[in-house]
Amino acid sequence: MAVTKIKPVKSTLSKALDYIQNPDKTDGKMLVSSFGCAYETADIEFEYTLSQALQKGNNLAFHLIQSFEPGEVDYETAHKIGRQLADAVTKGQHEYVLTTHIDKGHVHNHIIFCAVNFVDHHKYNSNKRSYYGIRNTCFSFSNFSLGIGSTPFAIMGKTKATNFLQLIAFGLVILCFFQIKICVTKKFLVCHLRLNTL
């Protein structure tokens, strides 16, 4: 299963872009793509969009990293999943550069997107809620692209602890529709489900 993390780029935007576009890591830049800008001039185009910002701030861009387990995906599939994730996160409103690195034991994507969108020039709001949205999006795209399925039941792990945690995650989704009362007695657990009225 893919793992994601995101961090702001506060300075040295061109160095960050140069790092992710390193030809030694990206199969001679064959695994580099972009949206809303040319990857060769992304730093200049990001700066222009930043100059149009309605709100000022320290963040120039955001660096999103998506890592896959060794052998989980090939580099072409990883790049495709990375593009789906970048499109979903930026909603077609932020320039971004996507690269897939194949120099380590595991395939991983780097996505750097402008902190300001080019549609209405508002800044991207990075917080826990947006990060959990990225994680969930990454989870669903990875599973769908790998043909695993999109529910936690389709990827049940090997241990009881993993199954229990996945069931809890699935249960949180169900809570949108049901109110669960759990009564614990000495010998058994009784669950009462009551359908919420909408």
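Parameters and conventions
Numbering of residues starts from 1 in every chain and runs along the sequence as written. This being a predicted model, a pLDDT of at least 70 is required before a residue's local features are given, and a value of 80 or more before pairs of side-chain atoms are given or counted; all residues contribute to the totals for chains, interfaces and linings. By convention in this description, side-chain values take in all heavy atoms of the structure and omit both hydrogens and water. Here a strand is any run of E in DSSP of at least two residues, a helix any run of H or I of at least four, and the numbering for each starts at the N terminus. Burial here depends on accessible area, computed with a 1.4 Å probe over protein chains only, as a share of the maximum for the residue type. Under 20% is buried, over 50% is exposed, and the range in between is partly exposed. The contact criterion used is simple: two residues touch if any of their non-hydrogen atoms lie within 4.5 Å. Only the protein chains shown count as cover for residues, and the accessible areas themselves come from Shrake-Rupley with a 1.4 Å probe. One less than the number of residues in a helix, times 1.5 Å, gives the span that helix is expected to have. Throughout, the arc means that of the directions going from the helix axis to the C-beta atoms. Inter-axis angles, ranging from 0 to 180 degrees, are taken between N-to-C directions of lines fitted to C-alpha atoms, where helices are fitted over the stretch in contact. Note on angle classes: values under 35 degrees are labelled roughly parallel, values over 145 roughly antiparallel, values of 65 to 115 roughly perpendicular, and the remainder oblique. A clockwise turn of the near helix away from the far one marks a right-handed crossing, whereas an anticlockwise turn of less than a right angle marks a left-handed crossing. When residue character is reported, Ala, Val, Leu, Ile, Met, Phe, Trp, Tyr, Cys and Pro are called nonpolar, Asp, Glu, Lys and Arg charged, and the others, Gly included, polar. Any two strands with at least two DSSP-identified bridges between them are counted as paired. Salt bridges, as used here, are contacts in which a Lys or Arg side-chain nitrogen is within 4 Å of a carboxyl oxygen on Asp or Glu. A residue's pLDDT is simply how confident the predictor is in it, with values from 0 to 100. Any pair of cysteine sulfurs within 2.5 Å is marked as a disulfide.

Novice: When you look at the overall build of the chain in this model, what are you seeing that I'm missing?
Specialist: When you go through the chain residue by residue, the secondary structure sums to 5 helices and 7 strands. Secondary structure of the chain in N-to-C order comes out as β-α-β-α-β-α-β-β-α-α-β-β. Here the chain holds 198 residues, and the buried ones make up 32% of them. Of all intrachain contacts in the chain linking residues separated by at least 6 positions in sequence, the fraction that spans at least 24 positions is 66%. Accessible surface for the chain amounts to roughly 12000 Å². Of this, 59% is attributable to carbon and sulfur atoms.

Novice: Looking at this model, I keep getting lost on helix 3 (residues 75–90). Mind explaining?
Specialist: The α-helix advances 3.6 residues per turn, and as a result positions three or four apart in sequence lie on the same side. An ideal rise of 1.5 Å per residue puts 22 Å on 16 residues; helix 3 measures up with 22 Å between its terminal C-alpha atoms. For helix 3, every residue scored as buried is listed here: A78, H79, I81, G82, L85, A86, V89 and T90. Buried residues along helix 3 cover an arc of 165° about the axis, so they all sit on one side. Opposite the buried face of helix 3, by more than 90 degrees, sit the exposed residues E76 and K80.

Novice: When you look at the packing of helix 1 (residues 13–20) against helix 2 (residues 42–51) in this model, what are you seeing that I'm missing?
Specialist: Packed helix pairs are specified by the crossing angle of their axes together with the interaxial distance, meaning the distance between the axes. The N-to-C vectors of helix 1 and helix 2 enclose an angle of 140°; their axes lie 9 Å apart at closest approach. In terms of orientation, helix 1 and helix 2 fall into the oblique class. Judged by the sense of rotation from one axis to the other, the crossing of helix 1 with helix 2 is right-handed. On the side of helix 1, the interface is formed by L13, S14 and L17, while helix 2 contributes A42, D43 and F46. Taken together, the residues of the contact of helix 1 with helix 2 break down into 4 nonpolar, 1 polar and 1 charged.

Novice: Would you explain unusual backbone geometry in this entry?
Specialist: Most peptide bonds adopt trans geometry, and most residues besides glycine take a negative phi value. In the Ramachandran plot, T12 falls in the positive-phi region, its phi being about 50° despite a non-glycine side chain. In this structure, K91 takes a positive phi of about 55° despite not being glycine. By secondary structure assignment, the location of K91 is in the loop between helix 3 and strand 4 (96–101). Note on K91: relative accessible area 64%, which makes it exposed.

Novice: How should the pairing of strand 4 be read in this particular structure?
Specialist: Across the 6 residues of strand 4, 6 count as buried, placing the element largely inside the fold. A two-sided burial pattern is seen for strand 4, the buried positions comprising Y96, L98 and T100 on one face and V97, T99 and H101 on the other. Inspection of the sheet shows strand 2 (residues 32–35) paired to strand 4 by 4 bridges, in the antiparallel sense. Bridging across to strand 4, S33 finds its partner in L98. Sheet analysis places strand 4 next to strand 5 (residues 108–114), joined by 6 bridges and oriented antiparallel. Pairing of L98 across the sheet is with I111, part of strand 5. Count of turn residues in the strand 4/strand 5 antiparallel hairpin: 6 residues.

Novice: Please explain the pattern of salt bridges as it appears in this structure.
Specialist: Working definition: two side chains of opposite charge can pair if their charged atoms are close together. In this structure the tally under the stated criterion is 1 salt bridge. Its salt-bridge partner being K25, residue D103 comes within 2.9 Å of it at the nearest N-O pair. Here K25 lies in the loop between helix 1 and strand 2 and D103 lies in the loop between strand 4 and strand 5, a separation of 78 residues in the sequence. For D103, a relative accessible area of 34% puts it in the partly exposed group. Take K25: its relative accessible area is 14%, and that puts it in the buried class.

Novice: Explain the confidence of the model for the chain to me, please; I cannot follow it from the model alone.
Specialist: As a general rule, the predicted coordinates of low-pLDDT regions are not to be interpreted in detail. On average, residues of the chain carry a pLDDT of 77, and 69% of them reach 70 or more. Contacts from residues 173–198, a stretch scored under 50 in pLDDT, to residues over four places away or in other chains number 23 contacts.

Novice: Explanation requested: the state of the cysteines in the structure shown.
Specialist: The bond known as a disulfide is covalent and runs between the sulfur atoms of two cysteines. On inspection of all chains with the given rule, the structure shows 0 disulfides. Just so you know, C37 is unpaired, no disulfide at all, and the nearest cysteine sulfur is the one on C114, 8.7 Å from it.

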